[in-house]
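# Breakdown of the fold
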Amino acid sequence: MTIDQTTGRPAAPGTRLISAVAGAPPPDAGASPLGATLAFAWRVLLKIRHVPEQLLDATLFPIMFTLMFTYVFGGAMIGSPEAYLRYALPGILAQTIVFMMMYTAVTLNTDLGQGVFDRFRSQPIWRPAPLVGALLGDTLRYSIASAFVIGIATACSTAPRTPGTSRSSSASRAR
């Protein structure tokens, strides 16, 4: 049975036939949950394309935090930046992702404030699709940031050390 969207009453019997002949979907057919989620994920990726500054928090901040925590705090706390990096890397990864999630929350709040979600609610889509799609689309940014953190950590832990630059080597020479 087809429901007329304007009146909320059952539609005339020929509505399905007219929709089929005109090539339009029937009035009660909406997007599947997967299709709606992928459409919202694509919307997020298009925003990244149009506002490339969004990639700064996926590239610049992870590099900055990894280097800062490794070389500024690492030598002071444990004595060796490499040892501290092994200890701090999971926290740096989590911190990077949490900081990037703030942008997702701000974007969703902006959409709510501008009435975009009211338009989404009027569409026959899966209700959580805008939120799930935004998180799915931002997964690309999270992956880029995680790759940068792991890459910088690998470069820091395998960097060649000159003799006498770490506390452990200076302590062994004093003996």
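This write-up is about the structure you can find in this document. Worth saying up front: this structure is predicted, and the values here are computed from it rather than measured.

## Details of the overall build of the chain
Secondary structure assignment for the chain yields seven helices and zero strands. Along the chain, helices and strands appear, N-terminal first, in the series α-α-α-α-α-α-α. Expressed as a percentage of its 175 residues, the buried residues of the chain come to 28%. Look at the contacts in the chain between residues 6 or more apart in sequence, and 68% of them connect residues 24 or more apart. In the structure as shown, the chain presents an accessible area of about 11100 Å², 69% of it carried by carbon and sulfur atoms.

## Considering the packing of aromatic side chains
Taken as a whole, this structure holds six aromatic pairs when the rule is applied. Taken together, a centroid distance of 6.2 Å and an interplanar angle of 20 degrees make the contact between F65 and F69 stacked. In this pair, F65 and F69 both sit in helix α3 (residues 56-77), four residues apart, roughly one turn of the helix. Here the two residues F65 and F69 agree in accessibility, since each one is buried. Their ring planes at 45 degrees and their centres at 6.0 Å tell us that Y84 and Y87 sit as a pair that is tilted. Of this pair, Y84 and Y87 both sit in helix α4 (residues 81-114), three residues apart, which is roughly one turn of the helix.

## A few points about the pattern of salt bridges
By the definition in use, this model includes four salt bridges. K47 is paired through a salt bridge with D111; the nearest N and O atoms lie 3.7 Å apart. With K47 in helix α2 (residues 33-50) and D111 in helix α4, this residue pair connects regions lying 64 residues apart in the sequence. A residue is classified by how much of its surface remains accessible, and D111, at 5% relative accessible area, is buried. R121 is the partner of D118 in a salt bridge, and the nearest nitrogen-oxygen pair spans 2.8 Å. Of the two residues, D118 and R121 are both situated in helix α5 (residues 116-122); the distance of three residues between them amounts to about one turn of the helix. Under the relative-accessibility criterion, D118 is labelled partly exposed at 47%. Using a relative accessible area of 47% as the deciding quantity, one classes R121 as partly exposed. A cluster of three or more residues bridged by salt bridges with shared partners is formed by R43, K47 and D111.

Parameters and conventions
- Residues numbered from 1 in each chain as written.
- Predicted model: local features only at pLDDT ≥ 70, side-chain atom pairs only at ≥ 80, totals over all residues.
- Heavy atoms only, no water.
- Helix = DSSP H or I, 4+ residues; strand = E, 2+ residues; numbered from the N terminus.
- Buried < 20%, exposed > 50% of the residue type's maximum accessible area, 1.4 Å probe, protein only.
- Contact = heavy atoms within 4.5 Å.
- Areas by Shrake-Rupley, 256 points an atom, 1.4 Å probe, with all protein chains shown as cover.
- Phe/Tyr/Trp six-rings, centres within 6.5 Å; stacked < 30°, edge-to-face > 60°.
- Salt bridge = Lys/Arg side-chain N within 4 Å of Asp/Glu carboxyl O.

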